[in-house]
Amino acid sequence: MKKFGFPKALRVTRTGDFARIQGRGRRIHGRRVTLAFDRNRRGETRVGITVSAKQANSPERNRFKRLVREVFRRTRRAWPVGFDYVVIAKEPKAIRSYDDMEIELAGVVRRVDAR
RNA sequence: GAAGUCGAACAGGUGAUCGCUCGCGGCCGCAAGGUCGCGGGAGGAAAGUCCGGGCUCCAAAGGGCGUGGUGCUGGAUAACGUCCUGUCAGGGUAACCUGAAGGAAAGUGCCACAGAAAACAAACCGCCGCGUCGGACGUCGAAAGGCGUCGGGUGCGGUAAGGGUGAAACGGUGCGGUAAGAGCGCACCGGGGCGUCGGAGACGAGGCUCGCACGGUAAACCCCACCUGGAGCAAGAUGAGGGGUCGCUUCGUCGAAAGGCGAGGCGCGGGUGACCCGCCCGAAUCCCCGGAGUCGCUUGAGGGGCGCGGCAACGCGUCUCCCAGAGGAAUGAUCAUCGCCGCGCAAGGGCAACUGCGCGCGGGACAGAACCCGGCUUAUGGUCGUGCUUCGACA
RNA sequence: UGGGGCGUCGCCAAAUGGUAAGGCCGUGGACUCUGGAUCCACCAUCUGGGGGUUCGAAUCCCUCCGCCCCAG
């Protein structure tokens, strides 16, 4: 597998998975995002993204998702393995650049590791 | 140079690195998939979903009655509420812009408040004439009373100029006319009717004629003309799998009978929609339901060049190109560099207004395909045009 | 993505095209030693925004904005 690839197999796509992770899983609240996560039995790290239509219009939502994917793609090895994650946007408009997103996600992922 | 107006195209470019997705090909894998190479990968509005069409299903989309829509002319188009062209009306010095712009003489409704009166006209105040009642003053008379003037009440008649309300008052202004007035008469303006000429037509020009008859409202009902069946790609197809097999009756036929088979009638249910008629189906290679799978899914009223026709919208011919197909939903991230815009400093030029090499900082809008097209509407930073108009200066 | 519906005072809500009812809340006053209750008075100038039709628009028409519901 590519070193920094992000194939579809590493994404959470099914509505049932989202419901499980956000319902049964635990949550960590950052300033601008919430990270929900739940253990999976795959030995892999998967991620899904949620951003409400009320918070941003379509291009802004797309940008938020792309930044999340980009950060995940580059820093995946730093995320605890064996979990499914859902990144939930709280203030998508407050994250303007790649660097903003990387700092924000690093903050919440570090606290996953602490538990 | 300033202000304005119209129109068109574009929607930053290039490179590197790391990624996503689709197609084709190679390799690995039982398969799911992985990997390598090549090629493609958001918009002018992809948006709002306000119209129109294609496509799909509803048996066909038939008749009636509705419902909804459109509404100056002629044209364009697959179609439209769109576009073009012309007309009229309104705005602007102009370029140019704006207009749901048929019918109020088929009928119905409504026109609050105010006002005499709000729609077949009528007549409250007023004005005028005649009659009548009594009063004041003048005058004549001895008196009774007569005559005249003024103002008042009242009856009959004439009148619609004046009054003042209102968004709107049954043509307007002026002169004549009259007891007072009045299209009663005349002039001009407005309006109605009928020919003529021009135009394909909306309409325009001009003539004759009628003293004038028709308040407004149809984005009120309505009338006229034209259009209009319903749903929507979550359509629909496929489909692992699941479920279902109308009632009464007549006739024919087979049978000993029970019953089977065939044809029909009535009912019931369903297709089926605003409603009615009509039509179809009720059973075994049939009907109903049915996954996030697969198909539908991108070659199309398609883009570009050239030529021809047309004022134009657009059409015709020819050559050429293939140009997104995702599905918790791709089309991205970072860096470099060039270009653009704004601000600050500022070499140089110029009498000055000003211009501005270069350097630094900042900015780069609105917005994301979801079956596909044609429009409309709304959002939006900037660039462009020997475009057009008006004004100013100079020659 | 497609299909429907609704916006009137801080809240709940009425209004044939003719002065934007009413209730709750609030504010002021009366009554009371004080409070409550009661009574009286006040409370929409932009009827979600902008245009249009009409003498006149919350109402009719056009166009934007916001919210809600349905189909998964």
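Scroll up for the structure.
The structure presented is a predicted model; accordingly, all values stated were derived computationally and were not measured.

J.: Where do I start with the sheet that holds strand 1 (residues 26-29) in this structure?
T.: Two modes of strand pairing occur in sheets, parallel and antiparallel, and in both the strands are linked by backbone hydrogen bonds. Ordered by their spatial adjacency, 4 strands build an open sheet running 1-2-4-3, and the pairing between neighbours is mixed. Each edge of the open sheet is held by one strand with a lone partner, namely strand 1 and strand 3 (46-50). Averaged over neighbouring strand pairs, the angle between their axes works out to 20° when direction is ignored. Contacting strand 1, strand 2 (33-39), strand 3 and strand 4 (83-89), helix 1 (residues 15-24) crosses the sheet at an angle of about 105° to strand 2. Together, strand 2, strand 3 and strand 4 form the strand contacts of helix 2 (residues 58-75), whose direction differs from that of strand 3 by roughly 160°.

J.: In this structure, what is going on with the pairing of strand 1? I would like to understand it.
T.: Every other side chain in a regular strand lies on the same face of the sheet, so the side chains alternate between the two faces. Strand direction decides the pairing type here: strand 1 and strand 2, joined by 4 bridges, are antiparallel. Paired with arginine 27 across the bridge in strand 2 is alanine 36. Taking the residues between adjacent antiparallel strands as the criterion, strand 1 and strand 2 are bridged by 3 residues.

J.: So what exactly am I meant to see when it comes to the protein's contact with RNA strand B here?
T.: Around RNA strand B, the surrounding shell holds 25 residues, and the nearest of these are Lys8, Thr50, Pro59, Asn62 and Arg73. The sugar-phosphate portion of RNA strand B accounts for 66% of its atoms within 4 Å of the protein, the bases making up the rest. A distance of 2.8 Å separates a phosphate oxygen of RNA strand B from a polar side-chain atom of arginine 66. Listing elements by their share of the surface near RNA strand B, those giving two or more residues are helix 1, strand 3 and helix 2. Within the surface near RNA strand B, the residues separate by chemical class into 8 nonpolar, 7 polar and 10 charged.

J.: Would you explain the pattern of salt bridges in this entry?
T.: Two side chains of opposite charge can pair, provided their charged atoms sit close to one another. Within this structure, the stated rule accounts for 9 salt bridges. Between arginine 32 and glutamate 104 there is a salt bridge, with its nearest N and O atoms 2.8 Å apart. Linking arginine 32 in the loop between strand 1 and strand 2 with glutamate 104 in helix 3 (residues 98-114), this pair joins segments that are 72 residues apart in sequence. Judged by its relative accessible area of 17%, arginine 32 falls in the buried class. Aspartate 84 is the partner of arginine 46 in a salt bridge, and the nearest nitrogen-oxygen pair spans 3.0 Å. Within this pair, whereas arginine 46 is found in strand 3, its partner aspartate 84 is found in strand 4, the two being separated by 38 residues in sequence.

J.: Is there a simple way to think about the side chain of threonine 34 in this case?
T.: Here threonine 34 shows up in strand 2. A distance of 3.2 Å separates the side chain of threonine 34 from the side chain of histidine 29, its partner in a polar contact. Once residues lying within four places of it in the same chain are set aside, the contact partners of threonine 34 are Arg27, Ile28, His29, Val86, Val87, Ile88 and Lys90.

Reading the values: rules and limits
- Residues numbered from 1 in each chain as written.
- Chains lettered and ligands numbered in written order.
- Predicted model: local features only at pLDDT ≥ 70, side-chain atom pairs only at ≥ 80, totals over all residues.
- Heavy atoms only, no water.
- Pairing = 2+ DSSP bridges.
- Helix = DSSP H or I, 4+ residues; strand = E, 2+ residues; numbered from the N terminus.
- Axes fitted to C-alpha atoms, helices over the stretch in contact; angles between N-to-C directions.
- Contact = heavy atoms within 4.5 Å.
- Near = heavy atom within 4 Å.
- Polar contact = N/O pair within 3.5 Å; in protein donor to acceptor, adjacent residues only side chain to side chain.
- Nonpolar A, V, L, I, M, F, W, Y, C, P; charged D, E, K, R; others polar.
- Salt bridge = Lys/Arg side-chain N within 4 Å of Asp/Glu carboxyl O.
- Buried < 20%, exposed > 50% of the residue type's maximum accessible area, 1.4 Å probe, protein only.

By themselves these figures say nothing about function.
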